[in-house]
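Spelled out, the chains give:
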Amino acid sequence: MKISAQVLDGTYGKPAVGVRARLARAMDSTWISVAAAETDEGGLIEDWDSWRLERGLYKIVFDSDRYFAGLGTVAAYPEVIIIFRMANEAHIFQVQVMLAPYAYSTYFGSVDPLACP
């Protein structure tokens, strides 16, 4: 299984560049850090899609506070935390987040690589 993430800026209608994010996996009753990264010029975290991950419960913590502070504004949500389950080993999972100072929305989906031409 692989995962990719993208962050978009809903205020300015562009990719959110430089958003720090942490990926963690649930193990027993705690979260174990798997990786940390920062979005690139396309708002993407591409490092993670090259990793082979196991089935399980994961979360990504996006640092929206630091991102909006860099734009000279304050965010109502200092962190956006997305918790999701990766259940099928044949899929590539996608997490997208659209950020604004007082709102956010998410998308979670998967791509079956066997179905892609």
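In case you missed it, the structure is sitting above this.
Notes on the structure follow. (Residues numbered from 1 in each chain as written. Predicted model: local features only at pLDDT ≥ 70, side-chain atom pairs only at ≥ 80, totals over all residues. Heavy atoms only, no water.)

## Details of the packing of aromatic side chains
What counts is decided by this rule: Only Phe, Tyr and Trp rings are paired, with Trp represented by its six-membered ring, and only when their centres lie within 6.5 Å; those with planes under 30 degrees apart are stacked, over 60 edge-to-face, the remainder tilted. Summary of the burial criterion: residues with accessible area below 20% of their type's maximum are buried, those above 50% are exposed, and those between are partly exposed, where the area comes from a 1.4 Å probe applied to protein chains only. A helix here means a DSSP run of H or I that spans at least four residues, while a strand means a run of E at least two residues long, and both kinds are numbered starting from the N terminus.
A complete count under the given rule lists five aromatic pairs for this structure. Measuring from centroid to centroid gives 5.1 Å for Y67 and F68, while their planes differ by 70°, and the two rings are edge-to-face. There is no split in this pair, since Y67 and F68 are both buried. With a centroid separation of 5.5 Å and 20° between ring planes, the pair formed by F93 and F108 is classed as stacked. With a gap of 15 residues between them, F93 in strand β8 (residues 92-100) and F108 in strand β9 (residues 103-111) connect regions that are remote in the sequence. F93 sits in the buried class, given a relative accessible area of 6%. What makes F108 partly exposed here is its relative accessible area of 37%. Members of the aromatic cluster, connected to one another through ring pairs, are Y58, F84, F93 and F108.

## Quick notes on the nonpolar core
Keep this limit in mind: Residue types Ala, Val, Leu, Ile, Met, Phe, Trp, Tyr and Cys, when buried and joined through side-chain atoms within 4.5 Å, form a set referred to as a nonpolar core. Working rule for contacts: check all heavy atoms of both residues, and any pair within 4.5 Å makes them a contact.
Grouped together as the largest cluster of nonpolar side chains are 27 residues, with contacts concentrated most on I3, W48, I60, F62 and F84. Those elements that provide at least two residues to this core are β1 (2-9), β3 (20-27), β4 (30-38), β6 (56-62), α1 (64-70), β7 (80-86) and β8. When residues no more than four places from it in sequence are discounted, the contact partners of W48 are I3, A5, A21, R22, L23, A35, A36, A37 and I60.

## So, the environment of I32
Mapped onto the fold, I32 is located in strand β4. Expressed as a C-alpha distance, the spacing of I32 and Y58, which sit 26 residues apart in the sequence, is 9.3 Å.

## Digging into the side chain of R25
To keep it simple, the criterion reads: Polar contacts, as used here, are pairs of N or O atoms within 3.5 Å; protein pairs need one atom able to donate a hydrogen and one able to accept it. Residues neighboring in sequence count only if both atoms are side-chain atoms.
Note that R25 resides in strand β3. For R25, a relative accessible area of 15% corresponds to the buried category. Of note is the side chain of R25, whose polar atom sits 2.4 Å from the backbone oxygen of R55. Filtering out sequence-adjacent residues up to four positions away, R25 remains in contact with T30, W31, I32, V34, E54, R55, G56, L57 and Y58.

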